[in-house]
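Read off the chains here:
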Amino acid sequence: MVTITINGKVVQAREGEMLLAVCKREGIDIPALCHHDAVEPFGACRLCMVEITKDEWNGWRNYVTSCLYPVEEGLIVQTHSPKVIELRRTVLDLQLARCPNSPELQKLAAEHGVNSTQYEIVPDGDNCILCGLCTRVCARLGFHAIATVGRGHHKEVAPPLKEAPPDCVGCLSCVQVCPTNNITYEDKGNVRTIWGKKFELLRCSKTGKATITKAFAEALSTRCDIPIDYFDVSDDEHRRQLALKMGSLADWAPKEQS
Amino acid sequence: MKARLVVTPNLCTGCRTCELACAFAHSINRKPGRSRIYPLPGGSHEMWTPVVCLQCEDPACMKSCLVDALSRNEETGAIVLDQDKCVKCMACVAACPFGCSLYDAQHDLVVKCDLCDGDPVCAHFCPTRALEFKPIAPIRRKATG
Amino acid sequence: MRIKTPAQLKGLQKKCRADIDKHPRRVLICCGPGCLANGAQKVSDEFKKILKKKRLRGFSVEALAETGCHGFCEQGPVVVIEPDGTFYTRVKVKDVAEIVETTIKSNKVVKRLLFTDPATGKIIRKYADIPFYSHQRRIALRNIGKIAQCDINEYISVGGYQALGKALTKMTPEGIIDEVSTSGLRGRGGGGFPTGRKWATCARIEESPHYVICNGDEGDPGAFMDRAIMEGDPHSILEGMIIAARAVGAHEGYIYVREEYPLAVVNLARAVEQARELGFIGDDIFGSGFSFDLHINRGGGAFVCGESSALMKSVAGEVGEPRAKYVRSVQKGLFDKPTVLNNVESYTNIPVIIDKGGAWFAGIGTPKSTGTKAFSLVGKVRNSGLIEVPMGTSLREIIYDIGGGIQGDRPFKAVQTGGPSGGCLPEPKLDLPVDFDTLTEAGSMMGSGGMIVMDDRTCVVDVAKYFLSFLNDESCGKCVPCREGLYQLHALAAAVSEGRATEDDLDKMEKLSEMIVIGSLCGLGKSGPNPFLSTIRYFRDEYLAHIRDKRCPAGVCQELIRYEVDADKCDGCTACIVVCAQNAITGKKKELHVIDQDKCDKCGACYAVCKRDAIKVY
């Protein structure tokens, strides 16, 4: 165990734990747009930056992303010092210049006192903040269907060669993790369209309720050793069927009906 | 694990108190969550039975999770979903053969029974003891011969 | 034939030396990047042609050698005749026959090809006497220009690989690290981290395997020190790397060469093959039981891959994006294993340190910055080229004594050091010693050794704008402060340059710069605002002239300048009318020409072509 100080409070942490996790545990709210526990920390959004120092540093301070900084004995951390606040404001201000129309970004920026950007609006900006969550989660799931392409200001999230991604299964995880809801998809009839690729949507054979795509079901069946017929019906129909099964096994036998 | 949630269907009256208790016990910001337990018709003559996660030994939900968000709590025996890791891909919702992994649309979360961390509320509230959280003897497997 | 012992190597050295010394005279033709661009290959081919045809007694075509960069690129193509040390400059194909007749056959000089010192008017025959060379001390560049470019026998003839033999047979890994620590060698890539300490940290880590990497991604515009070493003396890098590998316990190494240096890749690959043949790379080197293998990787054309963590990702086949280095690469580097990464010039110094001892090296330079440093001296200096001086040499000595001062005797304005991450230093700072720490305090940095000299016709706002645009283009795009911040900083600099900015914008730029410095993930972002910060520190008035007066004092920023014909000087030669693409200049022959300001697009072609100095820029 390691002893550190956060905002004046002395806390204990496990060796090798990241500062962000410790702060979260202590109930300290730090914004972290590119962070998700399903994937490795990335350090791209810079919002989780904190100010650190140590007694032996003679007043020298460093600014580090708490998502990636492992705790050290004797670390003194400030999560909301003036410089850190100014940094968060600048980051949000710069992001607003790039994604001026994102309500989620506007809300987060407003919470930090930034109501509009003071910089030149980037032409043709969309709502992608390039946090990388969609691509990292897709890789984590083992599909690697999308990635960030291009360098610097031309960076964007796209499938290979900007064509329909061969490895995408239409699970919509990217849509779910996007902090600005920038990724769109369409479910129409039995077809799901996302990233320019069309998928067959499986429908419950009893109720017709749509569940997941056929491609996703096949991938799960193959990789996770799950019988493919599990995906034939929806969850509510599974529950109904279980109830009927349990009912038929109960002590109260049907033949006792009058 | 030391105890199991035991369901005795013929004692279930379909009163749905368990469903209510579960929903309230899993409130977020004072808004009730989706219940993880559902009394449903058992197929004949006023038969009802509560359908709840069986905490399978070979759980399809855990196998289907590609980000390892589902894991077994060795103490309670429950398969628990780590919300921080979940990416809401719905694999477990589709894979569970008993439909016990559910999507809570109100809170935009995937949820499943976690045995209330070892003290299930539904068992407390069931008026007929159709739901009981009972200690179990370790299963001794006969050697196949 | 594999060399198994140092004694065997000494024997081979004798033989190689004899092979070279049997030629009473040698012709060394510089085929470094500058001279090649000026036609040195054709000169070399002409020499070969003539020497093959004529049978000169005691002189065969084997006495010809194509060498790496001799350094005096301004005077290229350079041909040196040894052992006299005669230095011929600006040699053209048509001069070759005369050189063969006059110097090689008859031992006389071709006067018009010798160097004339512009300061004294003296003609100097030997390069060692030329001030450009006499002020230098070449350690990293010791062999370049003196031996054939990619020839292991020539390298051995001057003592090559003997340091490796000593390190493997007479020293322990700890002993090697001690020697390097004593030398005080600090990373020559610009970071200045003590090399001995880096190796010691890696050597201590138990996790294996360990790797050694050579960073040959030299991306700073205007820098070509590493290129000269990789092309001209690749074996010195190999030797340094193998010694490093022995010290830190690595058995595999990688040299990462930037995509834009194909000849370096070819020469390094050839060198590796030659070293393998003689047994310096492979199993049981020098019979010590130590094995080592070396791979060469090409970059993909990204400046950011010069950053060590991005470089390692690139070597591993992933996208070259840096990572936050709170856990250092010596602990988790290539493939997440302990890795030592050093610059080309750092490795080149290693064999000399092992051979002559760390204490000898520490005696050169300054106590905190020991040894020498190679610089590419370019820009508005008279003598541009590749130089090496002891640390602590002043900027003034470099620019004036070696560089020969400013072309056209124009006033000195600033010297940009350290590449895009560095900064501009003005005239009052010229007496500062060049080392790792002093320039950084002054707001610039020594960096990897790029030195761009500027005169009064350079606009610092334009310079800042250029470097910001470069860095913005090369940013990997992962983190917000660098990707968006440098984009906005560049936009604001452009606004200043175009006369659209206000003084509030300067405040904005300064605040934004501070946030980019604190907030960026890697060195590219953290030092990104330096071009702006250093110029605003010393040249604030120039920024204000652009903002308040809408004027560019240096006459560069197109939106703010105008070209006018000086009536007193114009003689009506029509040269400017001919080049003007906008047909903005009117006037008959022998009559005063006039520029129509509405049509003029400020391209500056007329200014460049006028031989009467009759075009003025305001």
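Fair warning: this is a prediction, and the values are worked out from it, not measured in the lab. (Residues numbered from 1 in each chain as written. Chains lettered and ligands numbered in written order. Predicted model: local features only at pLDDT ≥ 70, side-chain atom pairs only at ≥ 80, totals over all residues.)

K.L.:
Can you break down the packing of helix α8 (residues 173-183) of chain C against helix α11 (residues 234-248) of chain C residue by residue, with the values?
P.N.:
All names here are of chain C. At their nearest, the axes of α8 and α11 sit 7 Å apart, and the two run at 120 degrees to each other. Between α8 and α11, the angle falls in the class oblique. Here α8 runs over α11; the crossing is left-handed. Across from Pro173, Ile176 and Ile177 in α8, the residues of α11 making contact are Ile243, Arg246 and Ala247. Of the residues assigned to the contact of α8 with α11, the class counts are five nonpolar, no polar and one charged. (Axes fitted to C-alpha atoms, helices over the stretch in contact; angles between N-to-C directions. Helix = DSSP H or I, 4+ residues; strand = E, 2+ residues; numbered from the N terminus. Parallel < 35°, antiparallel > 145°, perpendicular 65-115°, else oblique. Left-handed = near helix turned anticlockwise from the far one by under 90°. Contact = placed C-beta atoms within 7 Å. Nonpolar A, V, L, I, M, F, W, Y, C, P; charged D, E, K, R; others polar.)

K.L.:
Outline the interface of chain B and chain A, listing residues and values.
P.N.:
On the chain A side, the residues contacting the 34 residues of chain B number 36 residues. Listed by contribution, the elements that provide at least two residues to the side of chain B that touches chain A are β2 (38-41), β3 (48-51), α2 (60-64), α3 (91-95) and β6 (101-104) of chain B. Its residues placed into classes, the side of chain B that touches chain A shows 21 nonpolar, nine polar and four charged.

K.L.:
Any chance you could break down the environment of Pro82 of chain A for me, citing the residues and the numbers?
P.N.:
Residues and elements named next belong to chain A. For Pro82, the location among the structural elements is in helix α2 (residues 82-98). Pro82 gets classed as exposed once you count the C-beta atoms within 10 Å, which come to 9. For the pair Pro82 and Asp124, spaced 42 residues apart in sequence, the C-alpha to C-alpha distance is 33 Å. (Buried ≥ 20, exposed ≤ 12 C-beta atoms within 10 Å, placed from the backbone.)

K.L.:
Please give an account of the sheet that holds strand β8 (residues 185-188) of chain A that cites residues and values.
P.N.:
Residue and element names in this part refer to chain A. The strand order β8-β9-β10-β11 describes an open sheet built from four strands, whose pairing is antiparallel. In the strand order of this sheet, the two ends are held by β8 and β11 (210-213), each with one partner. Shown here is a sheet whose adjacent strand axes are inclined to one another by a mean of 30 degrees, direction ignored. Across two bridges, strand β10 (residues 197-203) lies against β11 in antiparallel orientation. By the bridge assignment, Arg203 is partnered in β11 with Ala210. Lying on the sheet, helix α6 (residues 214-224) is in contact with β10 and β11; it crosses β11 at an angle near 65 degrees. (Pairing = 2+ DSSP bridges.)

K.L.:
Describe the environment of Arg88 of chain A, listing the residues and the values that go with them.
P.N.:
Residue and element names in this part refer to chain A. Mapped onto the elements of the fold, Arg88 is located in helix α2. What makes Arg88 buried here is the crowd of 26 C-beta atoms within 10 Å. When the C-alpha atoms of Arg88 and Leu68 are compared, they prove to be 17 Å apart, with 20 residues separating the residues in sequence. With residues near it in sequence (within four places) discarded, Arg88 still touches Pro31, Leu47 and His112.

K.L.:
Residue-level account of the nonpolar core, with values.
P.N.:
Judged by nonpolar contacts, the single largest core of 295 residues is most densely connected at Val137 of chain A together with Met241, Ile243 and Ala244 of chain C. Excluding its chain neighbours within four sequence positions, the residues that come into contact with Met241 of chain C are Val212, Cys214, Gly253, Leu294 and Tyr347 of chain C. By size, the runner-up hydrophobic cluster in this structure holds twelve residues, among which are Tyr563, Ala584, Cys610 and Ala614 of chain C. (Core = buried A, V, L, I, M, F, W, Y, C linked by C-beta atoms within 7 Å.)

K.L.:
Which residues make up the pairing of strand β7 (residues 210-216) of chain C, and what values do they have?
P.N.:
Residues and elements named next belong to chain C. Burial of β7 is extensive: seven of the seven residues sit out of reach of the surface. Taking every second residue as pointing to the same face, both faces of β7 are buried, with His210, Val212, Cys214 and Gly216 on one and Tyr211, Ile213 and Asn215 on the other. As judged from the five bridges shared by β7 and strand β10 (residues 339-343), these two strands associate in the parallel manner. Each bridged residue has a counterpart across the sheet, and for Asn215 the counterpart in β10 is Asn343.

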